[in-house]
There are 2 protein chains.
Amino acid sequence: MALEHAILVSLLERPGSGYELARRFERSIGRFWTATHQQIYRVLKRMETDGWVTGEEVGQDGRPDKRSFTVTGSGRDTLVEWLRAPVAPEAVRHELAVKIRGAAFTDDTGRAELLAEVERYRADHETLLTTYLNGEKRDFPDPMTLDAGQRLQHVVLRGGIAYERMLLDWLDDVLDTLRAL
Amino acid sequence: MALEHAILVSLLERPGSGYELARRFERSIGRFWTATHQQIYRVLKRMETDGWVTGEEVGQDGRPDKRSFTVTGSGRDTLVEWLRAPVAPEAVRHELAVKIRGAAFTDDTGRAELLAEVERYRADHETLLTTYLNGEKRDFPDPMTLDAGQRLQHVVLRGGIAYERMLLDWLDDVLDTLRAL
DNA sequence: GCTTGCTATGCAACTCGTTGCATAGCAAGA
DNA sequence: TCTTGCTATGCAACGAGTTGCATAGCAAGC
């Protein structure tokens, strides 16, 4: 498990509330780690108990109060130690691949429906790629002037872009294959 | 959830025991869906209760007996219905990306260790790519003569190959970035 | 005879993640 | 005033997935 560690990285990049973390996990961090607000609040509570983060009440006007969290020295030590551990092999779960192999066991109508679904899926990822490219233009307009943290964020974003491009190419291959059956 | 569906596809491609399924999930199916034997046995039992599969005792010589499972008509209907449902958005969890962004918060020693770990990770995936390419040569030597099921299996394998190639390129980008910090 | 190793199946306990629901502050517009 | 919608936090129940362990057949080698 590493939701704790993803939260530590995000809070080190910028302190924030559980709600703000949830929004970040929907956006930039969601490129490589997903989590819902319920999970985040639960884990934050445990992290506070363990002394990895400290929460501070922040009054806001025009909005409800929030609790902003900051990483403690102990939390940072925990992250540094985790960074040294070997990367665990990923658990791949690609539902679309299962469906594609499953297409061998349905009829023409079923295959036509799957083809339409793949097209929809492709359109979603084309949109996502555009979002990434716009984000890159906005956040990293001049790659020469970035500090270490920004360069690392940029290389992770480039990974997301490379993934989406690869995926779109492969989906075209899938569509050709389904059409030619 | 879709472990049930991955099992249905695998058993439709070829009936087999829980143990055999577990081995397939380590190999070819593991490219796009992972599961341990405990999970598989538990789910198989539920699927048998629900009438999606039927088990049959098979005596073997030189080995313990096994229970070989076959998909029923009802199981096949279940799969076909699932194929029609929209693909759920994937839950991305890329631990390495978290660590790379985390590298901004450790020292030179920590970054050097991470770099070594990325190199090790890259070597693993280079091996995996080779395995895929060998499997492709072995299982799909003549793409013109394949039936529908084999073509679908092949396009899924091509997805795995495309993913590994993309990953290796990106890891080179990551290594350059880490070295230049 | 003993150990090692692969085939084969399974239980129990635990952790992680999802889903549905609940509460509440505040702003903006019908 | 009432509804809609966003910010903000949280509980409870359930389902999925992991980890550790246990059992047993059979083959091969020391």
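Predicted, not measured: the structure shown is a model, and the values here were computed from it.

Enquirer: Looking at this structure, I do not really get the overall build of chain A. What am I missing?
Expert: The number of helices and strands found in chain A is 7 helices and 2 strands. Expressed along its principal axes, the backbone C-alpha trace of chain A runs to roughly 60 × 45 × 40 Å. Looking at the 181 residues of chain A, the share that counts as buried comes to 46%. Long-range pairs, those at least 24 residues apart, make up 56% of the contacts in chain A between residues at least 6 apart in sequence. Approximately 9,400 Å² of chain A is accessible, and the part contributed by carbon and sulfur atoms is 50%. Each charge class in chain A was averaged separately, 25 positive and 30 negative side chains, and the resulting centres sit 2 Å apart.

Enquirer: Sorry, what's going on with the pattern of salt bridges here?
Expert: If charged atoms from side chains of opposite charge come close, those side chains can pair. Residue and element names in this part refer to chain A. For the structure shown, the criterion picks out 30 salt bridges over all chains. For Asp139, the salt bridge goes to Arg138, with nearest N and O atoms at 3.2 Å. Given a relative accessible area of 59%, Arg138 falls into the exposed group. Within the structure, one salt-bridge network assembled from shared partners comprises Glu48, Glu57 and Arg67.

Enquirer: What am I meant to see in the UniProt feature "domain: Transcription regulator PadR C-terminal" (unreviewed entry) in chain A here?
Expert: Using the residue numbers shown here, the UniProt feature "domain: Transcription regulator PadR C-terminal" (unreviewed entry) corresponds to residues 92–178 of chain A. In the segment residues 92–178 of chain A, helix accounts for 82% and strand for 0%; the C-alpha atoms at its two ends are 23 Å apart.

Enquirer: Which parts of the structure should I look at to understand the side chain of Glu164 of chain A?
Expert: Residues and elements named next belong to chain A. Considering the arrangement of structural elements, one finds Glu164 in helix α7 (residues 148–179). Residue Glu164 is classed as buried on the basis of its relative accessible area, which comes to 3%. Beyond its immediate sequence surroundings of up to four residues, Glu164 is in contact with His125, Leu128, Leu129 and Tyr132.

Reading the values: the criteria
Residues numbered from 1 in each chain as written. Chains lettered and ligands numbered in written order. Predicted model: local features only at pLDDT ≥ 70, side-chain atom pairs only at ≥ 80, totals over all residues. Heavy atoms only, no water. Helix = DSSP H or I, 4+ residues; strand = E, 2+ residues; numbered from the N terminus. Buried < 20%, exposed > 50% of the residue type's maximum accessible area, 1.4 Å probe, protein only. Contact = heavy atoms within 4.5 Å. Areas by Shrake-Rupley, 256 points an atom, 1.4 Å probe, with all protein chains shown as cover. Lys, Arg positive; Asp, Glu negative; His and termini not counted. Charge placed at Lys NZ, Arg CZ, Asp CG, Glu CD. Salt bridge = Lys/Arg side-chain N within 4 Å of Asp/Glu carboxyl O. UniProt positions renumbered as here; feature names shortened; annotations may be inferred.

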